[in-house]
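So the chains spell out like this:
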Amino acid sequence: EPEVTQTPSHQVTQMGQEVILRCVPISNHLYFYWYRQILGQKVEFLVSFYNNEISEKSEIFDDQFSVERPDGSNFTLKIRSTKLEDSAMYFCASRILVEEQFFGPGTRLTVL
Amino acid sequence: AQRVTQPEKLLSVFKGAPVELKCNYSYSGSPELFWYVQYSRQRLQLLLRHISRESIKGFTADLNKGETSFHLKKPFAQEEDSAMYYCARTSGGSYIPTFGRGTSLIVHP
């Protein structure tokens, strides 16, 4: 059964560094999402992406964040200058039309 | 603003006992309610949605509009039900769920 994959599973970085989190959505899916979950808190929506552009974003998704679909398979989340409070699990999800979202296993980002 | 409240952070029961994980939501628009589950070291996955009125793995959830609740129930818990359970809602045609903080269910043998 096809699955959403994410790499790396764990990323450790220094404050102020740029990080890129990678996701490979399910191949025939059209809508792509990023969520984050700070330890002990709820899963929060960051951004949705459709037809090569952002369709919706939350207030969390400020100028430090960007998303890209550089080719036909990858969907990336870039954080330009990481802060301590960016430490969290980041989940990618994808869906096709009206069906449910399928989540990836997550990337744990630790900012030191 | 859409809100989803799961009042219990942790629910601990013995195998065979009934389980009810509580979820309340803020009333706005025409909400669609969901339960997601995350087993240990696995990804978040959809368990059930209110519009399907289905029972998955013995779990059911009834939307109570009067009480704005969508509690998840199972009459006889199994050890393999141990997981994090997240209640979520969408509304207004959006497919972006607002999640509750989650309830950790532990089923003891």
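Each residue is numbered by its place in its chain's sequence as written, counting from 1. Chains and ligands are labelled by the order in which they are written, letters from A for the one and numbers from 1 for the other. Totals for whole chains, interfaces and linings use every residue, but because this is a predicted model, local features are given only for residues with pLDDT of at least 70 and side-chain atom pairs only at 80 or more, for both listing and counting. For the side-chain quantities, the full set of heavy atoms in the structure was used; hydrogens and water were omitted.

**Student:** Would you explain the side chain of A:Arg69 in this entry?
**Tutor:** Residue and element names in this part refer to chain A. Along the chain, the position of Arg 69 falls in the loop between strand S7 (65-68) and strand S8 (75-79). Burial here depends on accessible area, computed with a 1.4 Å probe over protein chains only, as a share of the maximum for the residue type. Under 20% is buried, over 50% is exposed, and the range in between is partly exposed. As used throughout, the charge tally considers Lys and Arg to be positive and Asp and Glu to be negative, leaving His and the chain termini uncounted. Think of a salt bridge as a Lys or Arg side-chain nitrogen and an Asp or Glu carboxyl oxygen that are within 4 Å of each other. Despite being buried, Arg 69 has no salt bridge partner; Asp 71 is the closest side chain of opposite charge, sitting 5.9 Å away. Of the polar contacts made by the side chain of Arg 69, one reaches the backbone oxygen of Ser 73; its length is 3.4 Å. Setting aside residues up to four positions removed in sequence, Arg 69 forms contacts with Pro 25, Phe 32, Phe 49, Asn 52 and Asn 74. Put simply, DSSP marks the helices as runs of H or I at least four residues long and the strands as runs of E at least two long, and each gets a number from the N terminus on. Within 3.5 Å is the distance limit for a polar contact, defined as a pair of N or O atoms, with the added protein rule that one can donate a hydrogen and the other accept it, and that residues adjacent in sequence qualify only through two side-chain atoms. Throughout, a contact is declared for two residues whenever any of their heavy atoms are within 4.5 Å.

**Student:** Just to check I follow, could you spell out the sheet that holds strand S3 (residues 19-24) of chain A for this structure?
**Tutor:** Two strands in a sheet stick together by hydrogen bonds in their backbones, pointing the same way (parallel) or opposite ways (antiparallel). Residues and elements named next belong to chain A. Spatial ordering of the open sheet is given by S1-S3-S8-S7, a layout of four strands whose pairing is antiparallel. The open sheet has two free edges, formed respectively by strand S1 (5-7) and S7, since each of these has just one partner strand. Taking the axes of each pair of neighbouring strands and ignoring which way they run, one obtains an average angle of 20° across the sheet. DSSP calls a pair of strands paired once it identifies at least 2 bridges connecting them. Bridge count for S3 against S8 is five bridges, and the pairing is antiparallel. Axis angles are defined between N-to-C directions and span 0 to 180 degrees, where every axis is a line fitted to C-alpha atoms and, for a helix, only to the segment in contact.

**Student:** Would you mind going over the state of the cysteines with me for this structure?
**Tutor:** What is meant by a disulfide is a covalent connection between two cysteines, made through their sulfur atoms. Any cysteine sulfur atom paired with another within 2.5 Å is treated as part of a disulfide. Summed over the entire model, instances satisfying the criterion amount to two disulfides over all chains. The disulfide partner of A:Cys23 is A:Cys92, and the S-S distance across this bridge is 1.9 Å. Taking the torsion about the S-S bond as the criterion, the A:Cys23 to A:Cys92 disulfide, at about -65°, is left-handed. One end of the pair, A:Cys23, is in strand S3; the other, A:Cys92, is in strand S9 (residues 88-95), with 69 residues separating them in the sequence. What makes A:Cys92 buried here is its relative accessible area of 0%. Each disulfide pairs two cysteine sulfurs, and for B:Cys23 the partner residue is B:Cys87, the sulfurs being separated by 1.9 Å. Here the S-S torsion is close to -65°, and the disulfide linking B:Cys23 with B:Cys87 is therefore left-handed. Of the two residues, B:Cys23 sits in the loop between strand S3 (19-21) and strand S4 (24-25) while B:Cys87 sits in strand S9 (residues 83-90), which places them 64 residues apart along the sequence. Residue B:Cys23 is classed as buried on the basis of its relative accessible area, which comes to 0%.

**Student:** Quick question: what am I supposed to make of the interface of chain A and chain B here?
**Tutor:** Where interface size is given, it is often the accessible area lost as the parts come together that is meant. Facing the 19 residues of chain A at the interface are 15 residues of chain B. What gets called buried area is simply the loss in accessible area from a 1.4 Å probe that two parts show on being joined, summed for both. Each partner contributes to the roughly 1600 Å² buried at the junction of chain A and chain B, and carbon and sulfur atoms together form 54% of this total. Between the two partners, chain A and chain B, sit two salt bridges. For the salt bridge of B:Arg49 with A:Glu100, the shortest nitrogen-to-oxygen distance reads 3.5 Å. Remark: the boundary between chain A and chain B carries four residue pairs in polar contact (both at pLDDT 80 or more). Residue assignment for the side of chain A that touches chain B shows that the elements contributing at least two residues are strand S4 (31-37), strand S5 (43-50) and S9 of chain A. The nonpolar class holds Ala, Val, Leu, Ile, Met, Phe, Trp, Tyr, Cys and Pro. Asp, Glu, Lys and Arg form the charged class, and all remaining residues, Gly among them, are polar. By residue class, the composition of the side of chain A that touches chain B is nine nonpolar, five polar and five charged.

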